[in-house]
Amino acid sequence: MTVAGKAAAEAGADQFGILDDAAQPDLVSPPVQWPDPDPGSTRGVPAEWSASGCTGAGYADVLMGVVPAVPDWARLEALDRILEQLVVLGGPAAAASLTIRGWIAWCRGRGSYAAAYLAEALETEPGYRLAELLLELVGRGAICGWAARKDAAWQKFGPDNASAGTDPGGGR
């Protein structure tokens, strides 16, 4: 839900009881500075969605790359780097981290990377349902909505990095 904004992610986490103070791990700082939230947004719904009649994105809409129209690739990159650090915890935390890293890879249009992350999540935590579902999606050749649209697709090298020769996309 990070692409839908912090407020939407927090609201979803609250809804499922994830934000329990007693269960909070030590904070990990993101490797990049987060952009300021959209001051025109209400309850996690960016102003441009409200103006278009959209009252908010559901998890499925974000999961499939339907909304937002263009994801915040810098935020996804920062999330990917944090998740990479969480994998070392092992167990369910590693499975969750690997699963979301797989989802991010799939969003980027990197199905092979996605399948590798998801398979590793299932090796770490057999039966991890979200990893199973996403691996099924990837295995069927489904393409994330963002990856399928040129205007929204992730670019391995940003416009300013065309000749950089490095992989800012978090390759394995």
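What counts, and where the lines are drawn
- Residues numbered from 1 in each chain as written.
- Predicted model: local features only at pLDDT ≥ 70, side-chain atom pairs only at ≥ 80, totals over all residues.
- Heavy atoms only, no water.
- Core = buried A, V, L, I, M, F, W, Y, C linked by side-chain atoms within 4.5 Å.
- Buried < 20%, exposed > 50% of the residue type's maximum accessible area, 1.4 Å probe, protein only.
- Helix = DSSP H or I, 4+ residues; strand = E, 2+ residues; numbered from the N terminus.
- Disulfide = S-S within 2.5 Å.
- Phe/Tyr/Trp six-rings, centres within 6.5 Å; stacked < 30°, edge-to-face > 60°.
- Lys NZ or Arg CZ within 6 Å of the ring centre and 35° of its normal.

### Focus: the nonpolar core
- Residues Trp73, Leu76, Trp103, Ile104, Trp106, Cys107 and Trp146 are the most contacted members of the largest nonpolar core, which totals 24 residues.
- Mapped onto this core, the elements with two or more residues apiece are helix H4 (73-86), helix H5 (91-107), helix H6 (111-124) and helix H7 (129-139).
- By residue number, the principal contributor to this core is H5, which donates six residues.

### Some words on unusual backbone geometry
- Residue Pro68 is reached from Val67 by a cis peptide bond, and omega for that bond is -5 degrees.
- Within the secondary structure layout, Pro68 lies in the loop between helix H3 (59-63) and H4.

### So, the state of the cysteines
- Scanning the entire structure with this criterion turns up zero disulfides.
- Cys107 carries a free sulfur, and the closest cysteine sulfur to it, the one in Cys144, is 3.9 Å from it.
- The exposure class of Cys107 is buried, given its relative accessible area of 0%.
- With a relative accessible area of 1%, Cys144 lands in the buried category.

### Details of the packing of aromatic side chains
- According to the stated counting rule, one finds two aromatic pairs in the structure shown.
- Aromatic pair Trp73 and Trp146: ring centres 6.3 Å apart, planes at 80 degrees, arrangement edge-to-face. One end of the pair, Trp73, is in helix H4; the other, Trp146, is in helix H8 (residues 145-148), with 73 residues separating them in the sequence.
- Grouped by ring-pair contacts, the aromatic residues Trp73, Trp103 and Trp146 constitute a single cluster.
- Taking NZ or CZ as reference, Arg108 lies 5.0 Å from the ring centre of Trp154, over its face.
- The positively charged end of Arg110 is found above the aromatic ring belonging to Tyr113, 4.2 Å away from the centroid.

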